Amino acid sequence: MKFKISVSGLLLCAVTAMAQTNVEKVIPTKASGDGITYSLPRTSFVVNAEVTRVTVKAGPYYRYAERYLGIKDVATEDAVYHELGKVTLTGKGVPDSDNTYKIEFRQKTVAPFAYLTPDGLLCAINEVYVPEEQTPEAVAGTEEKSRANIPPSSSVYTEELLMAGSIARQAEVAAKQIYHLRESRTDILTGDAENMPPDGEAMKIVISKLEEQEKALTRLFTGVETRETDWFDVSILPEDELEHEVLFRFSSRLGILDADDLGGEPVYMNLTALERAPELDPKEAEKKARSLKGIVYNVPGRARVEIIRNNRTLVKKELPFVQFGTRETLAPVLLEDKKQPVKVLFYPETGAIRQIK
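Residues numbered from 1 in each chain as written. Predicted model: local features only at pLDDT ≥ 70, side-chain atom pairs only at ≥ 80, totals over all residues. Heavy atoms only, no water.

Engineer: Where do I start with the sheet that holds strand β12 (residues 295-309) in this structure?
Structural biologist: Think of a sheet as strands paired side by side through backbone hydrogen bonds, with each pair either parallel or antiparallel. On the basis of which strands lie adjacent, the open sheet formed by five strands has the order β10-β9-β11-β12-β13 and antiparallel pairing. Here the strands that pair on one side only, and so sit at the sheet edges, are β10 (255-257) and β13 (312-330). With strand direction ignored, the average angle separating the axes of adjacent strands in the sheet is 30°. As paired elements, β12 and β13 share 14 bridges and run antiparallel to each other. Directly across from Val296, in β13, lies its bridge partner Thr329. (Pairing = 2+ DSSP bridges. Helix = DSSP H or I, 4+ residues; strand = E, 2+ residues; numbered from the N terminus. Axes fitted to C-alpha atoms, helices over the stretch in contact; angles between N-to-C directions.)

Engineer: Mind showing me how you'd approach the packing of aromatic side chains here?
Structural biologist: A ring pair, where both rings are aromatic, is described by two values, the distance of the centres and the angle of the planes. Under the criterion given, the structure shown has five aromatic pairs. An angle of 35° between the planes, with centres 5.9 Å apart, marks the rings of Tyr38 and Tyr101 as tilted. Here Tyr38, found in strand β3 (residues 35-57), pairs with Tyr101, found in strand β4 (residues 79-104); they are 63 residues apart in sequence, far enough to count as distant. The class for Tyr38 is buried, based on a relative accessible area of 1%. Among the residues examined, Tyr101 registers a relative accessible area of 3% and is labelled buried. The structure contains a cluster of three or more aromatic residues connected by ring pairs, namely Phe45, Phe321 and Phe324. (Phe/Tyr/Trp six-rings, centres within 6.5 Å; stacked < 30°, edge-to-face > 60°. Buried < 20%, exposed > 50% of the residue type's maximum accessible area, 1.4 Å probe, protein only.)

Engineer: What's the story with the nonpolar core in this structure? I'm lost.
Structural biologist: Nonpolar side chains tend to gather and get buried jointly when the protein is soluble and globular. One finds Phe45, Val47, Leu89, Leu247, Met269 and Ile307 to be the most contacted residues of the largest nonpolar core, which totals 23 residues. Other than its neighbours up to four places away in sequence, Val47 contacts Val87, Thr88, Leu89, Phe232, Asp233, Val234, Leu247, Phe248, Met269 and Ile307. Of all hydrophobic cores here, the second largest spans 21 residues; its members include Leu161, Ile207, Leu210 and Leu220. (Core = buried A, V, L, I, M, F, W, Y, C linked by side-chain atoms within 4.5 Å. Contact = heavy atoms within 4.5 Å.)

Engineer: Would you mind showing me how to read the side chain of Arg309 here?
Structural biologist: Topologically, Arg309 is positioned in strand β12. In contact with Arg309, other than residues within four places in its own chain, are Leu84, Phe250, Glu265, Pro266, Val267 and Leu314.

Engineer: Explain the confidence of the model for the chain to me, please; I cannot follow it from the model alone.
Structural biologist: Keep in mind that low pLDDT regions are not for reading the predicted coordinates in detail. When pLDDT is averaged across the chain, the result is 80; 77% of the residues are at 70 or more. Mean pLDDT values for the elements of the chain range from 40 in strand β1 (residues 11-14) up to 96 in strand β11 (residues 265-275). Low pLDDT, under 50, characterises residues 1-32; the stretch is placed with 97 contacts to residues that sit more than four places away or in other chains. Taken as a whole, residues 135-148 scores under 50 in pLDDT and shows 21 contacts with residues more than four places along the chain or in a different chain. (pLDDT = per-residue confidence, 0-100.)

Engineer: It is not clear to me how the packing of helix α4 (residues 167-190) against helix α5 (residues 200-222) should be interpreted in this structure. Could you clarify?
Structural biologist: Between two packed helices, what matters for the description is the angle formed by their axes and the separation of those axes. Where α4 contacts α5, the axes come no closer than 9 Å and their chain directions differ by 160°. If you check the angle between α4 and α5, you find them roughly antiparallel. In terms of crossing hand, the pair formed by α4 and α5 is left-handed. Contacts from Ala171, Ala174, Ala175, Gln177, Ile178, Leu181, Arg182, Ser184, Arg185, Ile188 and Leu189 in α4 reach Met203, Val206, Ile207, Leu210, Glu211, Gln213, Glu214, Leu217, Thr218 and Phe221 in α5. (Parallel < 35°, antiparallel > 145°, perpendicular 65-115°, else oblique. Left-handed = near helix turned anticlockwise from the far one by under 90°.)

So, in structure tokens, the structure goes:
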């Protein structure tokens, strides 16, 4: 699940306002008047894991693969297992119900206008909001893919092969057919075939058909492997640092499992503060909360996130982290100049200022 806001999904709020815009913290029981209500975000993490389900079906002649074809590594029994592939990490902003604010406007004056996300996060003031382009890493894994080795076609079972009595005899006949196909392809490529294709395009078609038949017959010895890939999102909303927090579990038999499901091995997350705002005592915190009288925005801290499996680091990344930061304000009067209104863009995923024009 990728954090993406499209312009068509934004809420544009434009209302008439006063000479001095009033910003106050929202109290759920208090009646609201005309204005804009927005929330500051908290940082959550979305971990995207690529999981491939592998289905193996043994070929009927696997016992004779080494004897007739010299192939040792073949499937000897049917099996289904899972592989954990690429793991990516992105930060996502979720509305903080404890930090929701209302910008109230008085009538008969020009007001600033604001863009909000559908869930009420602030994107821009006095400016049309255009989301930043996603990085290649952010969009990686959004395309589904499935690849499989094609099972052997029934057309490979020639009359001679079907008439062979035992499995051992069938394997011998199939091996002879493989070598015959190889010789035919070599003869065509060297120009020694009795009936050469009339032109280059026809030669390509004939060679392709010969190779297709050879592969289908070879799978009777080596088996068939089918691979289907899916992606799973795991979300976490940390409040503070984490050390060896079980993010999810993985089982080669069952795939992705919940963190409390002991049927798989744990995949851990470590979260370490790199930049953290000074911690305030209760009186200082209350005093600062009362002083937030303008457009309130976040100044995030910074964190290092690691995802680990079997003592191997799958992801190591530094990201802005709102819970380690603080809140500041912009004076509303800056936004009300009719001739030169200040335009402010925010990062909706963090609530931080992106640009002031």
